[in-house]
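# Architecture at a glance
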Amino acid sequence: MKLHKTVFRNYAVVALLLGLGGEAYAQTEPEKPVTIDSFDVVRDYKPLLADAVKIRRSPDMTNKRSYMPKLSYGSIPDKKLDINTGLKELDVQETPFSAPKDQTDNYVKFGIGNFNTILGEGYFSYDAYEDMRVGGFVKHLGQKGSLDGQKFSRQEVGVFGRRILPQFTVDGVVGYNRYATNFYGIPMADDGITSLNRTPEKQTFNDIYFTGELTSNYDPNNEDAFNYSAKLDAYTFSDKYNAKETSVAVSAYLNKRVRAFNIGANLSVDVNTVDGTYTPAGTGQTKNSLATLNPYIRFKGDNYAITLGANLVPEFGDSTSFNIFPAAEVDFALAPEYFHIFGGVNGGVKKASYREFARQNPFLGENLVIRNMVERLHFFGGIKGNAGATFGYKVKATYRQLENMPLFANNASTPFRFDMVYDGDGDKSVKHFGIEGELNIRLSELINLGGRLNIDQYTTAQEEEAWHTPKLRLAGNARFNISEKLYIDAEVLFHGLSYGKDWDDIPASTGFPTPAPRTFKKAEVPAFVDLSAGAEYKATKQLGVFVRANNMFNTEYQTYLYYPRLGFNVLGGLNFSF
């Protein structure tokens, strides 16, 4: 009994002391209750490097411009001579090591090289306001090869603007492009020695264009909102002689989400006229306008998208027709983001444009024939996917039936000029089977690789070959960000064997072709590999030094018969941003 009293007395004393201590503590720090897992440790702070592993996601420091004009030079000629170290479209390259404060609105560049190469370009922008940007661009590139008349000169100038309003965004570009060259091709007479082009003539193309677009803004609070856009494209394109193309195209896009599906339409009207062409009536003018209406309904889920519709294409002008084509496509994710299968069937009419033909081949002759190409049937399917942001791929197979497929063929009287010939008609169409593959790999922040493969097999209808169309094309590129100041990039291009028309019965004594019927033989345009590489060093935040080497194998290859490209050439210079 005494033991119990003693123990009880001891417990009571301890409880009383603890209560007094807790009350005293509560009076000094009433907002911090004492718990069994609370500790106050007082010591010097020592930062530990291991704490850095707690940051599981690094911020994206990539600098990107929201808007840049797209300056496409096509392949007129020597595509590899857009030697701007990644600036052939005046897009500021990704600079992952630069902080946002290094961004600038203005850029100028100047370079010189062999073959009398002179390069100068500038990009200027004012974007002090978040909802508005205006600016302009200018460019000059001139070169002169070793052959008689092997000269190239290209100039571009334009202004652009963008305004973001509460409901929609308006942007537009107006510009002028000029390209000048000579018919420097060197076909030989029947003796194999005498040139049939002793005094190369000049050729100049002038292109004045305007593009404007109005697009509805995305509303994150209303996914069922009505989406729309309207676009106006207009240009006038002419050469030194009597060829001139005038085009005005208006297009629109409408889409409305209704529960689990989208319903909408794409529509366009393209009014096109080409002067200086061959016509049966002898008017010298071709009107090949067309309109397109593409209504559709799209079912879209988390792992699939199905689109059903039709393409209605009336042609009007010198000839009229009304075409109806199917338009269906499916995309199904077997493993979302990693593996998709897709496929579809469609058809359509592609406008024959003198502007596009001249951009591909500037050595066109006079009085060309202009016809729209009809894609009567087009099946496609393949797989695509990616693994995060470091690996992406796509493989696609295509089968098409084509009518009036345009081809470049050497003229019988002046082989150094090219005519437009068309293969396939309503009775027998051209069959095209193609395989296309793309691959993009980002090994690290320092290394980016990409590649593209095209395999094309054409079964012609009337022509002996698909002239100047290679069956195999392969392109690859690599970019290495060695440091925050040094960048290196490389490109390789492979074109397979193609064929041209070689009219070999022109005597050297007269230089004029023999009377009909004319004969020709298939001339091989050999396969070639073009390797180019460049480097850019950022000496300061504003000043950079660049160098570019093209056609490093020094092969004067041909894309079109009789027209060799420039050999090994180097360009170097300075760029300055401010």
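Definitions and limits used
Residues numbered from 1 in each chain as written. Predicted model: local features only at pLDDT ≥ 70, side-chain atom pairs only at ≥ 80, totals over all residues. Heavy atoms only, no water. UniProt positions renumbered as here; feature names shortened; annotations may be inferred. Helix = DSSP H or I, 4+ residues; strand = E, 2+ residues; numbered from the N terminus. Buried < 20%, exposed > 50% of the residue type's maximum accessible area, 1.4 Å probe, protein only. Contact = heavy atoms within 4.5 Å. Areas by Shrake-Rupley, 256 points an atom, 1.4 Å probe, with all protein chains shown as cover. Phe/Tyr/Trp six-rings, centres within 6.5 Å; stacked < 30°, edge-to-face > 60°. Lys NZ or Arg CZ within 6 Å of the ring centre and 35° of its normal. Core = buried A, V, L, I, M, F, W, Y, C linked by side-chain atoms within 4.5 Å. Polar contact = N/O pair within 3.5 Å; in protein donor to acceptor, adjacent residues only side chain to side chain. Pairing = 2+ DSSP bridges. Patch = residues over 30% accessible without salt bridge, like charges linked within 9 Å, V, L, I, M, F, W, Y side chains within 5 Å. Salt bridge = Lys/Arg side-chain N within 4 Å of Asp/Glu carboxyl O.

- The name given to the protein in an unreviewed UniProt entry is TonB dependent receptor, with Sphingobacterium wenxiniae as the source organism.
- One UniProt comment on the protein, placed under Subcellular location (unreviewed entry), says "Cell outer membrane".

### Details of the overall build of the protein
- What the protein contains, in helices and strands, is 2 helices and 28 strands.
- Across the 578 residues that make up the protein, the buried fraction comes to 40%.
- Pairs at least 24 apart in sequence give 59% of the contacts found in the protein among residues at least 6 apart.
- Only carbon and sulfur atoms are counted for the fraction: they give 60% of the accessible area of the protein, which is about 31800 Å².

### What to know about unusual backbone geometry
- Even without being glycine, N404 reaches a positive phi, approximately 60 degrees.
- With phi around 55 degrees, N554 is a residue other than glycine that occupies positive phi space.
- You can see N554 is positioned in the loop between β25 (543-550) and β26 (558-560).

### What to know about the packing of aromatic side chains
- In the structure shown here, the tally under the stated rule is 20 aromatic pairs.
- Each ring, one from Y126 and one from Y129, has its centre 6.3 Å from the other, and the planes form 70 degrees; the classification is edge-to-face.
- Geometrically, the ring pair formed by Y184 and F363 is edge-to-face, given 5.7 Å between the ring centres and 85 degrees between the ring planes. Of this pair, Y184 sits in the loop between β5 (168-182) and β6 (202-216) while F363 is found in the loop between α2 (354-360) and β14 (373-387), placing the two residues 179 residues apart along the sequence.
- Residue classification places F363 among the buried positions, given a relative accessible area of 3%.
- Within the aromatic cluster, the residues linked to one another by ring pairs are F152, F183, Y184, F357, F363, F408, F418, Y560 and Y563.
- The ring of F546 has K109 sitting right over it, with the charged end atom 4.2 Å from the ring centre.
- The lysine or arginine in question, R417, covers the ring of F183, its NZ or CZ lying 4.3 Å from the ring centre.

### What to know about the nonpolar core
- Y354, F357, L364, F408, F418, M420 and Y563 are the most contacted members of the largest nonpolar core, which has 35 residues in total.
- Counting only elements with at least two residues in this core, the list comes to β4 (151-164), β5, β6, β7 (227-238), α2, β17 (418-423) and β23 (521-525).
- If sequence neighbours within four positions are ignored, Y354 has contacts with F205, F237, D239, A243, E245, V274, L364 and L368.
- By size, the runner-up hydrophobic cluster in this structure holds 12 residues, among which are M373, A409, Y458 and W467.

### A closer look at the environment of Y393
- Locating Y393 in the fold gives a position in strand β15 (residues 391-403).
- Spatially, the C-alpha atom of Y393 lies 8.7 Å from that of I441, the residues being 48 residues apart in sequence.
- Contacts of Y393, omitting those with residues within four sequence positions, involve Y338, F339, I383, K384, G385, N386, E438 and L439.
- Reaching out from Y393, the side chain makes a polar contact with the backbone oxygen of Y338 at a distance of 2.7 Å.

### A closer look at the pairing of β6
- Pairing between β5 and β6: 15 bridges, direction antiparallel. Residue pairing across strands places N177 opposite D207, the latter belonging to β6.
- With 10 bridges joining them, β6 and β7 adopt antiparallel strand pairing. For D207, the partnering residue across the bridge sits in β7 and is F237.

### Overview of the pairing of strand β20 (residues 472-481)
- In this sheet, β20 lies alongside strand β19 (residues 447-459) in antiparallel orientation, the contact comprising 9 bridges. Directly across from I455, in β20, lies its bridge partner L472.
- Here β20 folds back onto strand β21 (residues 486-495) in antiparallel fashion, the turn holding 4 residues.

### Topic: the side chain of R417
- Mapping R417 onto the fold places it in the loop between β16 (405-410) and β17.
- Reaching out from R417, the side chain makes a polar contact with the side chain of E201 at a distance of 2.8 Å.
- Discounting residues that sit within four places of it in the chain, R417 has contacts with F183, E201, Y241, F363, L364, G365, A409, N410 and N411.

### Side note on the environment of T169
- By secondary structure assignment, the location of T169 is in strand β5.
- Overall, the relative accessible area of 12% leaves T169 in the buried class.
- Polar contacts involving the side chain of T169 include one to the side chain of N217, which spans 2.7 Å.

### Some thoughts on a nonpolar patch on the surface
- Taken together, the side chains of F124, V138, V157, Y537, L543, V545, L574, F576 and F578 make up a nonpolar region of the molecular surface, amounting to roughly 730 Å² of accessible area.
- At the level of secondary structure, the elements contributing two or more residues to the nonpolar patch comprise β25 and β28 (569-577).
- When you line up the elements, V545 lands in strand β25.
- V545 sits in the partly exposed class, given a relative accessible area of 37%.

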